[in-house]
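# Examining the three-dimensional arrangement
Listed below are the residues making up each chain.
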Amino acid sequence: MRKGERPTGQQIAVHLDQVFAALPKGVERRYARADSGLYCWETVVAYEKHRCRFALSAQKTPRLVEELRSARWTGSPRTDADGQCEFRYQPEGWGKAYRFVALRYLKKPKPQKRKDPEQYQLFDTPEYCYRVFVTDLEAPIDAVVGFYRQRAGAENLIKEANNDAGLAAHPSARWYMNCVHFQLAMLAYNLNCWLMLFHRDEQTTVAELKHTTLATARLRFLFLAAKIVRHAGAVVVRYSDHYAEQGVLARLMSRLRSIVPGDHFAPVVPAPLRV
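Notes on the structure in this doc start here. (Residues numbered from 1 in each chain as written. Predicted model: local features only at pLDDT ≥ 70, side-chain atom pairs only at ≥ 80, totals over all residues. Heavy atoms only, no water.)

## Digging into the side chain of Gln84
By the secondary structure assignment, Gln84 is in strand S3 (residues 83-89). What makes Gln84 buried here is its relative accessible area of 16%. One polar contact links Gln84 to Ser76, side chain to side chain, over a distance of 2.8 Å. Here Gln84 is in contact with Arg72, Trp73, Thr74, Gly75, Ser76, Ala102, Leu103 and Ile141, once residues within four sequence places are set aside. (Helix = DSSP H or I, 4+ residues; strand = E, 2+ residues; numbered from the N terminus. Buried < 20%, exposed > 50% of the residue type's maximum accessible area, 1.4 Å probe, protein only. Polar contact = N/O pair within 3.5 Å; in protein donor to acceptor, adjacent residues only side chain to side chain. Contact = heavy atoms within 4.5 Å.)

## Looking at the nonpolar core
Ranked by size, the top nonpolar core spans 29 residues in total, and within it Tyr47, Phe54, Phe87, Phe100, Val132 and Val134 carry the most contacts. Counting residues per element, the ones that place at least two in this core are helix H1 (9-21), strand S1 (31-34), helix H2 (41-49), strand S2 (53-57), helix H3 (62-70), S3, strand S4 (98-106) and strand S6 (128-135). Ranked by the residues each element gives to this core, the list is headed by S6, at 4 residues. Not counting residues within four places of it along the chain, the set of residues in contact with Val134 comprises Tyr39, Phe54, Ala55, Leu56, Trp94, Tyr98, Arg99 and Phe100. Listed in part, the 13 residues of the second largest apolar core include Tyr105, Cys129, Phe133 and Leu137. (Core = buried A, V, L, I, M, F, W, Y, C linked by side-chain atoms within 4.5 Å.)

## Topic: H3
Taken as a whole, H3 has its buried residues at Leu64, Val65 and Leu68. Down the axis of H3, the buried set is contained in an arc of 100 degrees. They therefore lie on one face. Of the exposed residues in H3, those oriented more than 90 degrees away from the buried face are Pro62 and Ser70. (Arc of directions from axis to C-beta.)

## Details of the pairing of S6
S6 sits mainly inside the fold: 8 of its 8 residues count as buried. Where burial is concerned, the two faces of S6 agree: the one with Tyr128, Tyr130, Val132 and Val134 and the one with Cys129, Arg131, Phe133 and Thr135 are both buried. Judged from the 3 bridges that link them, S2 and S6 form a sheet pairing that is antiparallel. The partner of Ser57 across the bridge, within S6, is Phe133. With 8 bridges joining them, S4 and S6 adopt antiparallel strand pairing. When the sheet's bridge partners are listed, Arg104 is paired in S6 with Tyr130. (Pairing = 2+ DSSP bridges.)

## Notes on a nonpolar patch on the surface
Judged by side-chain polarity, Val180, Leu184, Leu187, Leu191, Trp194, Met253, Leu256, Ile259 and Phe265 come together as a nonpolar surface patch covering roughly 840 Å² of accessible area. Elements represented by at least two residues in the nonpolar patch include exactly helix H6 (175-198) and helix H8 (246-257). Broken down by element, the residue count for the nonpolar patch peaks at 5 residues, all from H6. Here Leu191 is to be found in helix H6. (Patch = residues over 30% accessible without salt bridge, like charges linked within 9 Å, V, L, I, M, F, W, Y side chains within 5 Å. Areas by Shrake-Rupley, 256 points an atom, 1.4 Å probe, with all protein chains shown as cover. Salt bridge = Lys/Arg side-chain N within 4 Å of Asp/Glu carboxyl O.)

## Some points on the pattern of salt bridges
In the structure shown here, the tally under the stated rule is 11 salt bridges. Put simply, Asp80 and Arg149 hold a salt bridge, and the shortest N to O gap is 3.1 Å. Residue Asp80 is located in the loop between H3 and S3, and its partner Arg149 is located in helix H4 (residues 141-149); the two are separated by 69 residues in the primary sequence. Across the pair Arg220 and Glu245 runs a salt bridge whose closest N-O atoms are separated by 3.2 Å. Separated by 25 residues along the polypeptide, Arg220 in helix H7 (residues 214-221) and Glu245 in the loop between strand S8 (234-239) and H8 bring together distant segments of the chain. One salt-bridge network, in which partners are shared between bridges, spans Arg53, Asp136 and Glu138.

## Brief notes about the pairing of S1
Taking every second residue as pointing to the same face, the buried face of S1 carries Ala32 and Ala34, while none of Tyr31 and Arg33 on the other face is buried. Bridge count between S1 and S2: 4 bridges; the pairing is parallel. Residue pairing for S2: Arg33 is matched across the bridge by Ala55. Taken together, S1, H2 and S2 form a β-α-β motif whose crossover is right-handed. (Right-handed = clockwise from strand over helix to strand, strands pointing away.)

## Brief notes about unusual backbone geometry
The phi dihedral of Arg51 falls on the positive side, at around 55 degrees, and the residue is not glycine. Positionally, Arg51 belongs in the loop between H2 and S2. At Ala232, a residue that is not glycine, the phi angle is positive and equals roughly 55 degrees. Along the chain, the position of Ala232 falls in the loop between strand S7 (226-231) and S8. Looking at Ala232, the relative accessible area reads 76%, which means it is exposed.

Shown next, in the form of structure tokens:
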């Protein structure tokens, strides 16, 4: 949005005001997570003004590094880190102190070829590297870090819609034609999400339910070796005996057939999806 340039605190505050103004009036809970590009006092003020809970990745400063070195560290069995800590700290220019939580990792010999690191603000000292977050959440440290790690999850969904639903292919030079194409692509994407919910096992909870991409759904339910035959006056589709998803497909088709027109739609999955 800023052409690669880091915005000022005033620009961030204006942007956040616009974001919250666009929310529907019925929204009761607001949560925010952001990387170190939004780490500033103006961001925190904007979040508090709009009653939004937050977790921000902190930027490296000498004062903060000293706080990390003097903090009381414990083990971190519920994260991938070698240690964790939390403390109250007021950065320079901020109006008050906030809760800071941190993870630290023992430095290991760097391989000659390594993958790009996660987009955290990493603090280096001779023995450790750190990941530090400022937050107003009262949750345990591992929950705060887990909440932050879910940021930018929409980027993967957008990539999936572009690659698998054809969202990136603009078929026409006419705006309205492309609008129709966009709506059709999003309909296909949402129908796939609905399909994944529709064939789930009744005992599955939200925590256990995994996202299935369009490409995987096609391989499981559409791009299959099958034969269309006519038998006893009916046209049927016969799949191979080696089809691994026979039980799932049978359950899905049974639920689809149970949908009948009427004044309202009766549930086809008796057990509701639970958190």
